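# Analysis of the macromolecular model
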Amino acid sequence: MRSKPKEVIEAISDLLSSTHPDDAISGELADLVGFEDIELVADLLTSSLAPQDVRRRMEETLRENASRPLFTGVAEEAQEVLPHVYSSSSTVQGGSLSQFGTKYVLPLGTTRHDNEEYEEVIIPPAKVVPPRETERLILVSELDPLAKGSFPGYTTLNRVQSIIFPTAYGSNENILGKTDVAMLAILRVLDQHRLPINPSSPLHASINRNAFQIIYVAPMKALASEIVRKLGKRLQWLSIKPMHRLLTSCIGDMQLTKAEVAETQIIVTTPEKWDVVTRKPTGEGELASKLKLLIIDEVHLLNEERGAVIETIVARTLRQVESSQSVIRIVGLSATLPNYLDVAEFLSVSRYTGLFFFDSSFRPIPLEQHFIGVRGKPGSAQSKKNLDRVTYEKVSELVQQGHQVMVFVHSRKETVKAAQALKDSATIDGTLDDYNCEEHPQWSLFRRSIGESRNKEMKQLFDQGFGIHHAGMLRSDRNMMERMFEARAIKVLCCTATLAWGVNLPAHAVVIKGTQLYDSARGSFVDLSVLDVLQVFGRAGRPGLETRGEGYICTTEDKLTHYLDAVTSQNPIESRFISGIDDALNAEIALGTVSNVDEGVRWLGYTYLYQLTVLLGMPRDHVLEDPQLGQKRNSLVTLAARKLADAGMISYTPKTGTFSTTNLGRIAARYYIKYASIEVFNKEFKPKMTEADVLAMLSMSTEFEQIKVRESEVKELELLMGIIPCDVRGGTDTNQGKVSILLQSYISRLPVEDFALVSDAAYVAQNGGRIARALLDIAISRKWARVATVLMGITKAIEKRLWPFDEPLRQFDLKADIIYGLQNLGEEYSPAELASMTAADLGKLVRLNERHGQALRTAALQFPTVMMTSSLRPLGSDVLRIAVCVTRGFDWSSKVHDSGEPFWLWVEDHEGVEILQFVHLVLRESTKSLDVNFVVSISNSSPPPYFTVRFLSDRWMGAEDEHHVSLDGLIMPASSPDHTSRLDLPFLPRSSLGLAVLEELYSPKLHDFNAIQTQVFWSLINTSMNALISAPVSCGKSLMGHLTIWSVETFLKCRLEFTKSFVLFIVPNRNLAVQSLSDFRAVSDALGIAVELSSGEGVFGSCRTNVIRIVTSSGLLEAVGQQNLRHASYPCLVVCDNLEQLDASYELSISLLRHTTQNHPTRYIGLSSSLNDPTDFASWLGVDTVALHSFRPTDREQSLTITYQTFTIPHSAALFKSMSKPAYTAIKSVPPSESALIFVPSRSHCRTVAQELITQCALDMESERGFLSQSVSPLHLEDYSARLQDPTLVDFVTRGVGIFHSGLSKADRNLILELFVEGVVRVLLAPRDACWTLPVRAAVVVVMGTQYVHLERDGSGPQLRDYSLVDVVQMQSRAVRHDAPGHFFLFCQAEARDTFTKFLADGLPLESELLDSSVFGNWYKTRRRDGSIRNKQDAVQALSFTLLARRLVSNPVYYDVEAGSRNEVLSRIVDRLEENLL
């Protein structure tokens, strides 16, 4: 004021002397004095000084101001004026606290009143912000048809909607604003997903409902239900269904089906539920991948404990936007925020286009707020008395003014008590008539209606003008109360906060009586949340009927400032992320989005915590030194990682900073288990535990740490403890004991009386099932059979509220009389026994009629049961495969069984302690039976007497079975002789071939022979012995086979000039035949030797010149089946390549050839990948021990590292999503110049995985080139792209990724291979079956999953099958390179790792497939029919040449025959074949 002239003093003096109201005077004073001296204005208004004293004080203030220096030494920039900030006060412009700011001032006009019993602060309604020149209300008639139809009955949008409309409906900008934004943002998504339709068709038909998903995150279930109702009503004309119920049970195993996802386009859920959904690798697959709009309501909850969850889901969504390169719009809805710039930055909202701030003046009805602090010690009798008194005073004043009042209390019982207390106080004061509504025209009608209710309190209170409302009342009674209050037939309605959240029922005034309520999640009384206060205040004022509303909050004196600051947005919104950083980091690591410290630092940068540098506790100079807070974020991530690693939830390598999840961490993330609880479980979890032990451990979970024992509950807890079935550790004296009692009481369906105990019991039941599921998964992952079985029972007991010893048919919707009859039978009947009886017999059994008996029989037939059979298949001396067939034994009902019945199947040891192998399967309506193979190790010295196969339904109590697999009489194959040792010999030079032309032809690919080639050289080249080479893949054994052929041909040409002969080269399939033909022709022309593909009669036809005949096993089988082979030419050499792929056709064709050439000097050479036991193979081919060369897979000369990574996620899109990050890491493990091969289960996986890898690369490299080398020029790339016949491949190729499978044209396949060889395509994806046709190798080979879906021709539905070991070995061979090291990565299910590890190290286990093949049966029938086999002796003689004959003796159990000599077991096989002929 130092710059104000003296005239200002005169004007102020005149203004104060005027008779204008205070409101008008204060406004003019503020204009005259200025806001910098606003406190002086308040003092002048509240003072009672004489005019001359006022003048003196004004002059003193002016002199003080004038004496201040004009220059302070600090020049501050003018505040930034943002375009969409609407406020009646200039103090909120900018909305972001300075680094040293702590709170904001109270609104202008706030008054305080001191009373003996309470202190009251009154905040007047905010002045309406005048419209700007550019503002106008948007007419609904101006909108397009989609938007227009969604605002029926409206002529214009309201002011807020009109301001927001251009941004909300006209762009995809992220927005921070008020609730009005949500509807417009939803309509924007609908408009963007419309299809062209016939103009005569209804508009809703144009919306492509399968193309988008909208998630509306609301903080409370009651609010979510209200939102669903409102949105459903508004969007009904578009056939859009919002839904809340879908996400109520998505934690853990409860998954959303595709039908449920497709059924709704808008899902309303809570932050915690959406966090759980998005923790899955693809967020329920379809759900998160189709997400286009994420609406977060009440985003100011960031300031509360649950704020960490909101930060988590926003950070995850922002990262998903980057990783998937998709557009997901984020809309934040909130009450007035003080530091809205910080929140906007967190939500990636542009402050210039998407940030909208509206202060409280934009309320539909201006609100006068009263904050009352009751005097007296909190909880004392005096405090309660004062609370009752002040509540009555305020209610009485309002009623006398003719207003209706809603009084909000915090328990159901309190509604009646509060109404009764008001009535009693009014009776004492003689003002009860003020509440009476008998003069209401419909009072008599309402009186009759309420007389029909059974609620006595409601009827009694109605006569005096009072009403009650809470969720415990009947729906009809609540509806009646709502109608009466709305009709003004009730003056005062005492209710709980559920009315404020779930029902839109306004009143002139609302009164919150007390702010202490019991929170079962904390186990104590807590303060009413600010969110609830704002929601209750939102019910004050009746739009269209009143110009003002009043909100009263009556709290204790010590809490007055808290609510005053919070409700009036004086405190900044702070981050609560630190409290949940451990669990949040674990979730991201389990999801695969964070795999090292650097990624963790980057992830933390997306949180609200990162926006608030002050909250990180960093000095200002540190912020200046590290403005991106990289060091602070690094320390936070590292600290959290160390804690998680210590708990066994992740694996952390400090040296490299890498993370990988463990089973424990994955389970914790999946079931929302806290890190602190995992620490408890690590100490308490044991392999052997009883039900009481399990319940005691579960009760110790930190999720229940807030449950406290109160003296008032002890008696009831002791009563309950005397009824429940399991012992309670600690009894009623401990918190854990209380949890166990409440959980068991819930299962036993025992009534609980105490109010707080009811709330605790509901909380324990709600969380107990989830925690039990997590413990079950932990037990199974640790392979603890006994405790897993116990936990399965406990889990289902909580979910079904049924003990394992209860009647299992109680799970059906049967009449109580039937259940009573079952439970009171003299003996127990299993569902299977009941299902075998007739309806009449069952009716008599339960002492009811046949109709009841039929209902019981139907239930028994639908109760999930299975039949299990097993067979033993030894795979080696110490490895046993147990083949289990599970056959469905119950009637299917979609109503009862839904889309599938999940169950666990595992093999456990005979003591029932350890799970040896397990699998989680689903029985479907189309499923008749499922075949499952378990591979277990078995001791040669002391084999167990039996194994137990256990079946446990995941959902049905009592649906369990076990099948004993006896090992009596089990004969395991003898231990295989030691493999051939690879000798340290000097490498033979190429000149050892002794033929110059051969040396020259092979000079490009052969300099010296390697160690294995050198070792087998003599046997193959310099002798005529039969030989078997069993050696690692890609060690050069096929080349040795080729050289053996050439040496034989040379021998024939030189020594037998007039004799022409041929060589048979046998391969399993045509692809290999074509490839072999190409290889031979590269050499044959120079040697003058013919090479041809043969089949049928041509295989043994006479030859005019020396010839190599390449034949497939099926072609050879056809040839040896000819009748005139006795006069045919026989080969001098037979080379059997790829014997590891031996099938029935291959074995039978070679066996018949061996039988045919038994009297001819034909030489046989077998080539195979390393075998576990090749002894019988050698015997079958007539190979002497000297010529048997059996090397281990590890004997390869080339450098090959093998890395196994296991997964517990079932075969699904989620599995491949989670594998994409490790696959990318594997690709990155080699230099950028190296290539990678990725094998996936099917063609359809090629593109999805390719896209995932490109996305991972884009995130990591921050470049759109993907894997494309910088050396590849755009012109060069454009030329290649133009040659592709499939245009969809261009997007992949231009990013260095190729796809190869038989579904592509041959030209495209060849071009992709050409690009791969040239290095343009660096990453090549192929389905599993392409491993046999891919002619290229790579530095990195990744096998993404070892299971595939097989469709049966009989329509029995898809079956999940495992890759064969042979396929995996072939894939591995693509990583074996002669000039550089290779890296093989095998991603498989956790239970399959041991099998792969053993056989990839020891060699493949091969057995005969003759008995399982129709080829063998058909051949036998034909031979019996044509007389080739006349009797049993002929049959035994023919079969004696098979591999089967040898394996029957070595491994009889595998073929289900008794042990015996070769002739004995073959005789039994012939008997079996003869039976099939009948």
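Residues numbered from 1 in each chain as written. Predicted model: local features only at pLDDT ≥ 70, side-chain atom pairs only at ≥ 80, totals over all residues. Heavy atoms only, no water.

## Remarks on the overall build of the protein chain
Worth spelling out the cut-off: Put simply, DSSP marks the helices as runs of H or I at least four residues long and the strands as runs of E at least two long, and each gets a number from the N terminus on. Each residue is assigned to one of three classes by its accessible area relative to the maximum for its type, calculated with a 1.4 Å probe on protein chains only: buried under 20%, partly exposed between the two thresholds, exposed over 50%. Throughout, a residue-residue contact means that at least one pair of heavy atoms, one from each residue, lies within 4.5 Å.
In terms of helices and strands, the protein chain carries 56 helices and 42 strands. Within the protein chain, the fraction of its 1478 residues that count as buried is 55%. Counting contacts in the protein chain only where the partners sit at least 6 residues apart, residues at least 24 apart contribute 72% of the total.

## Overview of helix α26 (residues 630-646)
Residues spaced three or four apart along an α-helix face the same direction, because each turn holds 3.6 residues. Worth spelling out the cut-off: Helix span, expected: 1.5 Å multiplied by one less than the number of residues in the helix.
Compared with the 24 Å implied by 1.5 Å per residue over 17 residues, the 24 Å span of α26 between its first and last C-alpha is a close match. Positive phi shows up at Gly-648, right after α26, with a value of about 80°.

## With respect to the pattern of salt bridges
Just so we agree on the cut-off: The term salt bridge refers to a pairing of a side-chain nitrogen on Lys or Arg with a carboxyl oxygen on Asp or Glu at a separation within 4 Å.
The tally for this structure, following the rule as stated, stands at 50 salt bridges. Measuring nitrogen to oxygen at the nearest pair gives 3.1 Å for the salt bridge that ties Arg-548 to Glu-368. Here Arg-548, found in the loop between α20 (530-537) and β18 (549-556), pairs with Glu-368, found in strand β11 (residues 367-374); they are 180 residues apart in sequence, far enough to count as distant. A relative accessible area of 31% places Arg-548 in the partly exposed class. Accessibility expressed as a relative area gives 18% for Glu-368, which makes it buried. Linking Asp-1286 and Arg-1247 is a salt bridge whose minimum nitrogen-to-oxygen distance equals 3.2 Å. Remark: Arg-1247 occurs in helix α47 (residues 1243-1261) and Asp-1286 occurs in the loop between α48 (1274-1283) and α49 (1290-1293); sequence separation between them is 39 residues. Three or more residues joined by partner-sharing salt bridges are found here, namely Asp-275, Arg-279, Arg-316 and Glu-588.

## A short note on the environment of Pro-441
Assignment of secondary structure puts Pro-441 in the loop between α15 (412-429) and α16 (443-451). Remark: the alpha-carbon pair of Pro-441 and Ala-489, spanning 48 residues in sequence, is separated by 8.8 Å.

## Comments concerning a nonpolar patch on the surface
Stated precisely, the cut-off is as follows: Excluding any residue in a salt bridge, patches collect residues exceeding 30% relative accessible area, merging like charges within 9 Å and nonpolar Val, Leu, Ile, Met, Phe, Trp and Tyr side chains within 5 Å. Residue-level accessible areas treat just the shown protein chains as cover; the underlying method is Shrake-Rupley with a 1.4 Å probe.
Together, Val-1349, Leu-1351 and Leu-1360 make up an exposed nonpolar region whose accessible area comes to about 290 Å². Residue position: Val-1349 is located in strand β40 (residues 1347-1351).

## Some remarks on unusual backbone geometry
Backbone geometry follows two general trends: most residues other than glycine have a negative phi, and most peptide bonds adopt the trans configuration. The residue Ser-348 is not glycine, and still its phi comes out positive at about 60°. Relative to the helices and strands, Ser-348 is located in the loop between α13 (340-346) and β10 (357-358).

## Considering the nonpolar core
Counted only if it meets this: Put simply, buried Ala, Val, Leu, Ile, Met, Phe, Trp, Tyr and Cys residues joined by side-chain atoms within 4.5 Å make one nonpolar core.
Trp-1046, Leu-1139, Leu-1253, Met-1344 and Phe-1384 are the most contacted members of the largest nonpolar core, which totals 175 residues. In terms of residues, this core owes the most to one element, helix α46 (residues 1213-1228), which gives 8 residues. Each residue touching Trp-1046, except ones within four places of it in the same chain, is listed here: Leu-998, Tyr-1002, Phe-1080, Val-1083, Ser-1084, Leu-1087, Ile-1089 and Ile-1108.

## Points about the packing of aromatic side chains
Note the cut-off: Here is the rule: rings of Phe, Tyr and Trp (six-membered ring for Trp) pair when centre to centre is within 6.5 Å. Planes less than 30 degrees apart are stacked, more than 60 are edge-to-face, and the remainder are tilted.
Inspection of every chain in the model, using the stated rule, returns 30 aromatic pairs. Taken together, a centroid distance of 4.9 Å and an interplanar angle of 65° make the contact between Phe-358 and Phe-362 edge-to-face. You'll find Phe-358 and Phe-362 in the same group, each marked buried. Grouped by ring-pair contacts, the aromatic residues Tyr-86, Phe-356, Phe-358 and Phe-362 constitute a single cluster.

## Description of the pairing of strand β29 (residues 1062-1067)
So the rule is basically this: DSSP calls a pair of strands paired once it identifies at least 2 bridges connecting them.
Along β29, 6 of the 6 residues are buried, which leaves the element largely enclosed by surrounding structure. A two-sided burial pattern is seen for β29, the buried positions comprising Phe-1062, Leu-1064 and Ile-1066 on one face and Val-1063, Phe-1065 and Val-1067 on the other. Summarising the sheet, β29 and strand β32 (residues 1133-1136) pair through 4 bridges and their orientation is parallel. By the bridge assignment for β32, Phe-1065 is matched with Val-1135.

## What about the side chain of Arg-329?
Selection criterion: Here Asp and Glu are counted as negative and Lys and Arg as positive; His is not counted, and neither are the chain ends.
Summarising the element assignment, Arg-329 is placed in strand β9 (residues 329-333). No salt bridge is formed by the buried Arg-329. Its closest oppositely charged neighbour is Glu-173, at 7.3 Å. In contact with Arg-329, not counting residues within four places along its chain, are Thr-167, Ala-168, Ser-171, Asn-172, Glu-173, Asn-174, Ile-175, Ala-185, Arg-188, Lys-292, Leu-293 and Leu-294.

## Here we look at the sheet that holds strand β12 (residues 405-408)
Under the convention used in this document: Helix axes are fitted to C-alpha atoms over the stretch in contact, other axes to C-alpha atoms as well, and angles between N-to-C directions run from 0 to 180 degrees.
Taken in spatial order, the 8 strands of this open sheet run β2-β3-β11-β18-β15-β12-β14-β13, and their pairing is mixed. A single partner strand is all that each edge strand has here, and the edge strands are β2 (111-114) and β13 (466-469). Within the sheet, the average angular offset between the axes of one strand and its neighbour, ignoring direction, is 15°. Packing of α20 onto the sheet brings it into contact with β11, β12, β15 (509-513) and β18, and relative to β15 it is tilted by some 150°. Packing against the sheet, helix α21 (residues 560-567) makes contact with β2, β3 (118-123), β11 and β18, and its axis sits at approximately 160° to β11.

## Section: the side chain of Ser-701
To keep it simple, the criterion reads: N or O atoms closer than or at 3.5 Å make up a polar contact, with two conditions inside protein: a donor-capable atom paired with an acceptor-capable one, and, for residues adjacent in sequence, both atoms drawn from side chains.
With respect to the helices, strands and loops of the structure, Ser-701 is situated in the loop between α29 (691-699) and α30 (714-721). The exposure class assigned to Ser-701 is buried, which follows from its relative accessible area of 1%. Of note is the side chain of Ser-701, whose polar atom sits 3.1 Å from the side chain of Ser-677.

## Points about the environment of Thr-1333
Relative to the assigned elements, Thr-1333 resides in the loop between β38 (1323-1327) and β39 (1340-1344). Using a relative accessible area of 29% as the deciding quantity, one classes Thr-1333 as partly exposed. Beyond its immediate sequence surroundings of up to four residues, Thr-1333 is in contact with Asn-1071 and Phe-1300.

## Describing the confidence of the model for the protein chain
Applied cut-off: One confidence number per residue, pLDDT, is output by the predictor and ranges from 0 to 100.
Residue-level pLDDT values for the protein chain average 85, and 88% of them are 70 or greater. Across residues 91-102, where pLDDT falls below 50, the model places 31 contacts with residues more than four positions away in sequence or in other chains. pLDDT under 50 marks residues 1050-1058. Its contacts with residues more than four places away, or in other chains, come to 7 contacts.

## Regarding the packing of helix α23 (residues 597-604) against α26
Axis angle and axis distance: for two packed helices, these are the angle between their axes and the distance between the axes, and together they describe the pair. As a reminder, the rule being used: Roughly parallel means an angle under 35 degrees; roughly antiparallel means over 145; roughly perpendicular covers 65 to 115; every other angle is labelled oblique. Crossing handedness follows the turn of the near helix against the far one: under a right angle anticlockwise gives a left-handed crossing, and clockwise gives a right-handed one. The classification used treats Ala, Val, Leu, Ile, Met, Phe, Trp, Tyr, Cys and Pro as nonpolar, Asp, Glu, Lys and Arg as charged, and all other residues, Gly among them, as polar.
Interaxial distance between α23 and α26 falls to 9 Å at its minimum, and their mutual angle equals 115°. Judged on the interaxial angle alone, α26 and α23 are roughly perpendicular. Relative to α26, α23 is oriented so that their crossing is right-handed. Seen from α23, the contacting residues are Val-597, Gly-600, Val-601, Arg-602 and Leu-604; seen from α26, they are Gly-630, Arg-633, Asn-634, Leu-636, Val-637 and Thr-638. Residues of the contact of α23 with α26, tallied by class, amount to 5 nonpolar, 4 polar and 2 charged.

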